[in-house]
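Fold and contact review
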Amino acid sequence: MIAIPKTLEDALRDRFVVPFVGAGVSMAALDRNGKRMFPSWGDLLLGAAARLREDGKRPEANVVEGLLEKRAPDYFEAARHAREGMGPGWYRYLRQVLDPPGNRIDTGSLSLARAVWQLPSRLVITTNYDQILRYALDDPNDLVQISVDATAELSAMLRDEIDRPTVWHLHGFIQQPQRLILTPDGYRELYPSQEDEVRYRGALQALRHLLAARTFLFVGFSLDDAMFGNQIAWVQEAFGGAAGPHYMLVRARELRDTQRRLRDLSCIEFLPFEEFGDPLVALVHALGSAGNREPTTPPPLMAGAPRPTAHLEVAAAPSPAGPLAFLADEVEVMVPPVTRVAHRSLLTEAAPAPRAATAATPRSLETAAGDGGIDMALVRQSYRLVHQYQRSVFDRLAELSDALAGIGLAFERWDPSLFSRHPKSTTEFFRRKYWAWDFLPAYRLQLVWQSSASTSRSVVLEVVSDTGFTRSGGDEPDPTRFGGARAAGSELQISLMRSSVRNLPWNQIWSSLSEQEDTIYDGSDHDLDAGGRPCTYRYLRVDLGAALDKEAFSERVIAPVTAWLAR
């Protein structure tokens, strides 16, 4: 299995993800002789320069080649000069290169394009001009193609009236060569500056709508693709980082460079894959499988193993059956010993009069609601307790991150393990399809640190505030159906991995651990085979309540983790 961010998994299952396909998907297709069916941007324009030279237009060919030989090749200007130099022959050239007979394709090389269609979306957006997505369908005649100026079709698309496989060719497709957006003038008509006239107004508005309302999954884009760079720059300018999150599949060895180049684009997150070919196809298949699965209760990493409970008693209210039973008598509040007195005062100040619990309300969720509903004093006290708990957790995580940085591991990312990230500012988050749990991301967190030095190392830590959390089906989990708070626990679940092989795909390796026997989660070292490369694994479980004190955290978490990684 491959690690998929929970936010993306939820978006896939909710059918909110729109695949956005770039040139890499087309360039994966081969002919029967094992050669690429479709050229890269550079190869397309170099071929045009060669055609110009063959036609005796040497100066024009020199201009095109010169634009391509720049340190930062100017593909758009090169395309403009090629079009002007070739005249009517430009469109014949494009048809010849970008629309070869389908019977020339080695169908075995269509695995990436076919994987795209396994994602839970009938709509695919592409900036490609070719027909590779048509060839990848079992029934190519079932495909609907939308061009950049097909306003009626775009309107239907925005109303979710898509019942067949549909490709929106954002820059046009080769069967309409005169309408391709390939040169600077066409590009400005779709993505205008303030002084330019918007020719494709419907397409621009449709794209903005989808970027604001959906999650884009960018597949097959190259860092050297100027069109991709302009797309990302336009997204950032148009939405100011508020859209998304959107996800880009990136080759692992290019991840750092990609993050650096796109560091200002807060709406883009990155999913690394080891290499083009099978690893990329496997990642897209995994995304499709995640999106097409019915929601189930996520299994714990240590399936079937007993979970020790973590208890840190908080002073009870005067009456065990009183209104503070929810906070004081039933819930284990994980706080460091030095703050217990403060918490005790929070729980006992201004306590409302006791009220008997009803049979319909589990005692663990009794909130002392009066005739007007929930007792808001308890809500206020609960928020203050949660803040102090989270503040303690975050301070300990900062200390761990500093210690890991000291031995060469960098913080990679975090995700709420069970929920989605907060909805964006333009989202009606209060609608029922969104979870109130989404506003409690620290209830269960996953954090990742990694290193690719001479010894590759990875740490995956989960902060599990409540092991009693249960989920059934796709509806929002109902706390009234959880197990008792005292029977549950709070813990840190830590996966440690190291290998003498550099640049291992840690995300994939960690995900595959769920397929291993439970015996590897015993706190001892286990040697694993990571695709023919040796990897040592250790799993630790730490009582969160007993470790939140700074000294205890250093002793129980930081010391054993750093010592093991430093071997």
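Keep in mind that this is a model prediction, so the values were computed, not measured.

Some thoughts on the overall build of the protein chain
Assigned secondary structure in the protein chain consists of 20 helices and 13 strands. Buried positions account for 50% of the 567 residues belonging to the protein chain. Taking the contacts inside the protein chain whose residues are at least 6 apart along the sequence as the reference set, 70% of them involve residues at least 24 apart. When the accessible surface of the protein chain is summed, it comes to about 26400 Å², and 50% of that surface belongs to carbon and sulfur atoms.

Looking at the pattern of salt bridges
Enumeration over the complete set of coordinates arrives at 23 salt bridges. When the shortest N-O distance is used, the salt bridge between E84 and R80 registers 3.1 Å. You can see E84 and its partner R80 sitting in helix α5 (residues 75-86), four residues apart, about one turn around the helix. On the accessibility criterion, R80 (24% relative accessible area) is partly exposed. In this structure, the salt-bridge partner of E428 is R431, at a minimum N-O distance of 3.0 Å. On the basis of relative accessibility, which here comes to 41%, the residue E428 falls in the partly exposed class. Note on R431: relative accessible area 45%, which makes it partly exposed. Beyond isolated ion pairs, a larger network of salt bridges with shared partners links R251, R253, E254 and E275.

Looking at the nonpolar core
Counting residues in hydrophobic clusters, the biggest one holds 38 residues, and the most contacted among them are L249 and L287. Broken down by secondary-structure element, the contributors of at least two residues to this core are α1 (6-13), β1 (17-21), α7 (111-118), α8 (132-135), β5 (215-219), β6 (246-251), β7 (268-273) and α14 (278-292). Element by element, the count of residues in this core is highest for α14, at seven residues. In contact with L249, other than residues within four places in its own chain, are L217, F218, V219, L271, F273, L280, L283, V284 and L287. With 31 residues, the next largest nonpolar core counts I162, L170, L211 and L255 among its residues.

Regarding a nonpolar patch on the surface
Taken together, the side chains of F429, F430 and F439 define a hydrophobic patch exposed on the protein surface, amounting to about 320 Å² of accessible area. With respect to the helices, strands and loops of the structure, F439 is situated in the loop between β8 (410-416) and β9 (444-452). Of the residues examined, F439 reaches a relative accessible area of 39% and is grouped as partly exposed.

A look at the environment of K6
Relative to the helices and strands, K6 resides in helix α1. Residues K6 and S420, 414 residues apart in the sequence, show an inter-C-alpha distance of 6.3 Å. Those residues in contact with K6 that sit more than four places away from it in its chain are P416, S417, L418, F419 and R471.

Remarks on the packing of aromatic side chains
All chains considered together, the criterion is met by 17 aromatic pairs. Geometrically, the ring pair formed by W41 and F76 is edge-to-face, given 5.7 Å between the ring centres and 65 degrees between the ring planes. A residue pair is termed long-range when its members are at least 10 positions apart, and W41 in helix α3 (residues 41-54) and F76 in helix α5 qualify at 35 residues. Taken individually, W41 and F76 each receive the classification buried, so the pair is uniform in this respect. Aromatic rings pair up to connect W437, Y443, F469 and F482 into one cluster.

Calculation criteria
- Residues numbered from 1 in each chain as written.
- Predicted model: local features only at pLDDT ≥ 70, side-chain atom pairs only at ≥ 80, totals over all residues.
- Heavy atoms only, no water.
- Helix = DSSP H or I, 4+ residues; strand = E, 2+ residues; numbered from the N terminus.
- Buried < 20%, exposed > 50% of the residue type's maximum accessible area, 1.4 Å probe, protein only.
- Contact = heavy atoms within 4.5 Å.
- Areas by Shrake-Rupley, 256 points an atom, 1.4 Å probe, with all protein chains shown as cover.
- Salt bridge = Lys/Arg side-chain N within 4 Å of Asp/Glu carboxyl O.
- Core = buried A, V, L, I, M, F, W, Y, C linked by side-chain atoms within 4.5 Å.
- Patch = residues over 30% accessible without salt bridge, like charges linked within 9 Å, V, L, I, M, F, W, Y side chains within 5 Å.
- Phe/Tyr/Trp six-rings, centres within 6.5 Å; stacked < 30°, edge-to-face > 60°.

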